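# Descriptive structure summary
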Amino acid sequence: MARSLVLVNPPQVTRNSRSPLWALLLGVALTGCGGGSMANKAAAPMPEAMAPAAGGQERQALAPNDSDLATSAQSPPSPIAQPQLIKTVTLALKADSVTKALEATQAIVKENQGDVISLNDRRTDTSRIAELQFRVPANQLDRAVAAVTQLGYLQNRAMQAEDVTDQLVDADARLRNLRRTEDSLLALLQKSGSVRDILAVNQQVSQTRQQIEQIEAQLKNLRTRVAYSTVNLTIEQSVAGLADANPITAQLAETWGKATQSVGQVTIGLLQITLWLLAYTPYWLLFGLGIWAMRRWALRRAQNQSANH
């Protein structure tokens with residue numbers, strides 16, 4: 001009966017396991033079972049009427065293992081209840097005071113349990129622009145955006161949503177399959193084998209573990225981006241905007257500022273020229289002495305010529 005058992009089961013095992021190492025280890029295990037059955041026959045002869053029952057029990061003992069492998073390999077992934085969206089909102093505001101708008105925005109972000117990711121505040125002679133990026137929980141996004149848009153005149157508003165449901169389902173299914181593969185490989189390490197076989201299994205375990213860690217990091221990143229939505233905010237303050245609120249005062253203040261700035265620049269320029277002249281004073285003295293000497297020589301020469309005539 002041990003021979004009939006070996007002939008029936010090996011085709012099923014080799015079909016389910018494509019790795020030569022698995023086939024080798026399963027063959028060794030089946031051969032050991034056959035040797036044990038023959039040893040039992042030699043020790044205590046069994047009647048022929050009980051032989052088919054014993055063979056049926058061995059088949060029944062092996063059958064659940066194959067069905068368990070098939071069930072674990074084909075188990076469907078757990079469904080995700082609702083679409084998983086990564087939302088990004090872009091806002092452009094024009095405010096009377098960029099400083100006050102930034103302070104209010106940071107308070108809104110803190111109130112909605114969010115975080116400020118980056119801040120870029122640029123100033124020129126005629127304008128000031130602040131760019132702020134923050135993220136808030138997805139369930140607080142609408143509330144935070146509505147509060148921010150009240151801080152100034154809304155110039156632009158846009159929202160983009162990326163559906164990553166399929167990516168999460170696929171990554172989760174691959175992760176579960178890799179974990180089952182890792183468990184199977186670790187179980188193989190518990191069995192006796194040659195050093196070469198153990199090293200080969202260890203290498204497969206390392207590769208599987210690396211793939212598991214990569215997928216876990218990918219899943220963590222996607223789930224974080226789904227849980228927290230990103231808002232890109234631009235706040236602008238210009239001189240023209242201030243002039244619209246108070247035209248005469250703003251224009252006079254701008255003119256006075258430019259005039260005082262021009263006076264300061266001219267004064268600094270004159271002082272710089274004076275310093276340059278003082279630094280080159282020795283050269284100017286030498287140049288003046290040279291001109292005086294040439295004119296004196298020319299004058300004496302002219303006097304001598306007139307005296308000779």
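Here's what I pulled together on the structure shown here. Because the structure is predicted, anything quoted here is derived from the model rather than measured. (Residues numbered from 1 in each chain as written. Predicted model: local features only at pLDDT ≥ 70, side-chain atom pairs only at ≥ 80, totals over all residues. Heavy atoms only, no water.)

### A look at the environment of Arg 157
To keep things clear, this is the line we draw: A run of H or I in DSSP counts as a helix once it spans at least four residues, and a run of E counts as a strand once it spans at least two, with each numbered from the N terminus. Here, residues are in contact when the closest pair of their heavy atoms is within 4.5 Å.
For Arg 157, the position within the fold is in strand E4 (residues 153–163). Residues Arg 157 and Asn 232, 75 residues apart in the sequence, show an inter-C-alpha distance of 10.0 Å. The residues touching Arg 157, leaving out its near neighbours within four places in the chain, are Thr 90, Leu 91 and Val 145.

### Describing the side chain of Thr 105
Definition in use: For each residue, the accessible area found with a 1.4 Å probe, counting protein chains only, is set against the maximum for its type, and the residue is called buried under 20%, exposed over 50%, and partly exposed in between.
Along the chain, the position of Thr 105 falls in helix H5 (residues 98–111). Accessibility expressed as a relative area gives 0% for Thr 105, which makes it buried. In contact with Thr 105, other than residues within four places in its own chain, are Leu 132, Phe 134, Val 148, Leu 151, Leu 233 and Ile 235.

### Notes on the nonpolar core
Rules: Nonpolar cores are built from buried Ala, Val, Leu, Ile, Met, Phe, Trp, Tyr and Cys residues. Side-chain atoms within 4.5 Å join them into one set.
With 20 residues, the main nonpolar core has Leu 91, Phe 134, Val 148, Val 231, Leu 233 and Ile 235 as its most contacted residues. Taken together, the elements giving at least two residues each to this core come down to strand E1 (85–94), H5, strand E3 (127–137), helix H6 (141–148) and strand E5 (228–238). Residues within four places of Val 231 in sequence aside, it is in contact with Val 89, Leu 91, Leu 132, Gln 133, Phe 134, Leu 141 and Val 145.

### Quick look at the side chain of Gln 237
Heads up, the condition is: N or O atoms closer than or at 3.5 Å make up a polar contact, with two conditions inside protein: a donor-capable atom paired with an acceptor-capable one, and, for residues adjacent in sequence, both atoms drawn from side chains.
Mapped onto the secondary structure, Gln 237 falls in strand E5. What makes Gln 237 buried here is its relative accessible area of 16%. From its side chain, Gln 237 meets the backbone nitrogen of Val 98 in a polar contact 3.2 Å long.

### Things to note about the packing of aromatic side chains
To keep it simple, the criterion reads: Between 30 and 60 degrees the pair is tilted, below 30 it is stacked and above 60 it is edge-to-face, where a pair is any two Phe, Tyr or Trp rings, Trp via its six-membered ring, whose centres lie within 6.5 Å. Only lysine NZ and arginine CZ atoms are considered, and such an atom sits over a ring when it is within 6 Å of the ring centre and within 35 degrees of the ring normal.
Tallying each qualifying case throughout the model produces 2 aromatic pairs. On the basis of an interplanar angle of 15° and a centroid distance of 6.1 Å, the ring pair of Trp 276 and Tyr 280 is categorised as stacked. Taken together through their ring pairs, the aromatic side chains of Trp 276, Tyr 280 and Tyr 283 make up a single cluster. Seen from the ring of Tyr 228, Arg 135 lies directly overhead, with NZ or CZ sitting 5.2 Å from the centre.

### Concerning H5
Quick reminder of the rule: What a helix should span is 1.5 Å times the count of its residues minus one. Here the arc refers to the set of directions running from the helix axis out to each C-beta atom.
Its 14 residues give H5 an end-to-end C-alpha distance of 20 Å, which sits within 8% of 20 Å, the value for a rise of 1.5 Å per residue. Along H5, the residues classified as buried are Val 98, Ala 101, Leu 102, Thr 105, Ile 108 and Val 109. Looking straight down H5, one finds that the buried residues subtend no more than 125° of arc, so they occupy a single side. In H5, the exposed positions angled more than 90 degrees off the buried face are occupied by Lys 100, Glu 103, Lys 110 and Glu 111.

### Comments concerning helix H11 (residues 281–308)
Within an α-helix, residues lying three or four positions from one another point in the same direction, as the helix has 3.6 residues per turn. Its 28 residues give H11 an end-to-end C-alpha distance of 41 Å, which sits within 8% of 40 Å, the value for a rise of 1.5 Å per residue. Burial analysis of H11 places just 0 of its 28 residues in the buried class, which makes it a mostly uncovered element.

### Quick look at the pattern of salt bridges
One side chain can pair with another of opposite charge once the charged atoms of both are near each other. To be explicit about the condition: Salt bridge criterion: a side-chain nitrogen from Lys or Arg within 4 Å of a carboxyl oxygen from Asp or Glu.
Going through the model one piece at a time under the given rule, you end up with 9 salt bridges. Two residues, Arg 223 and Asp 172, come together in a salt bridge whose shortest N-O distance is 3.9 Å. Taken together, the residues Arg 223 in helix H8 (residues 195–227) and Asp 172 in helix H7 (residues 165–189) connect sequence positions 51 residues apart. Exposure remark for Asp 172: the relative accessible area of 17% places this residue in the buried category.

### Some words on the environment of Ser 229
In this structure, Ser 229 sits in strand E5. Judged by its relative accessible area of 1%, Ser 229 is buried. Linking Ser 229 and Ile 86, residues 143 residues apart in sequence, is a C-alpha distance of 6.5 Å. Beyond its immediate chain neighbours, meaning those up to four positions away, Ser 229 contacts Lys 87, Phe 134, Arg 135, Val 136, Ala 138 and Leu 141.

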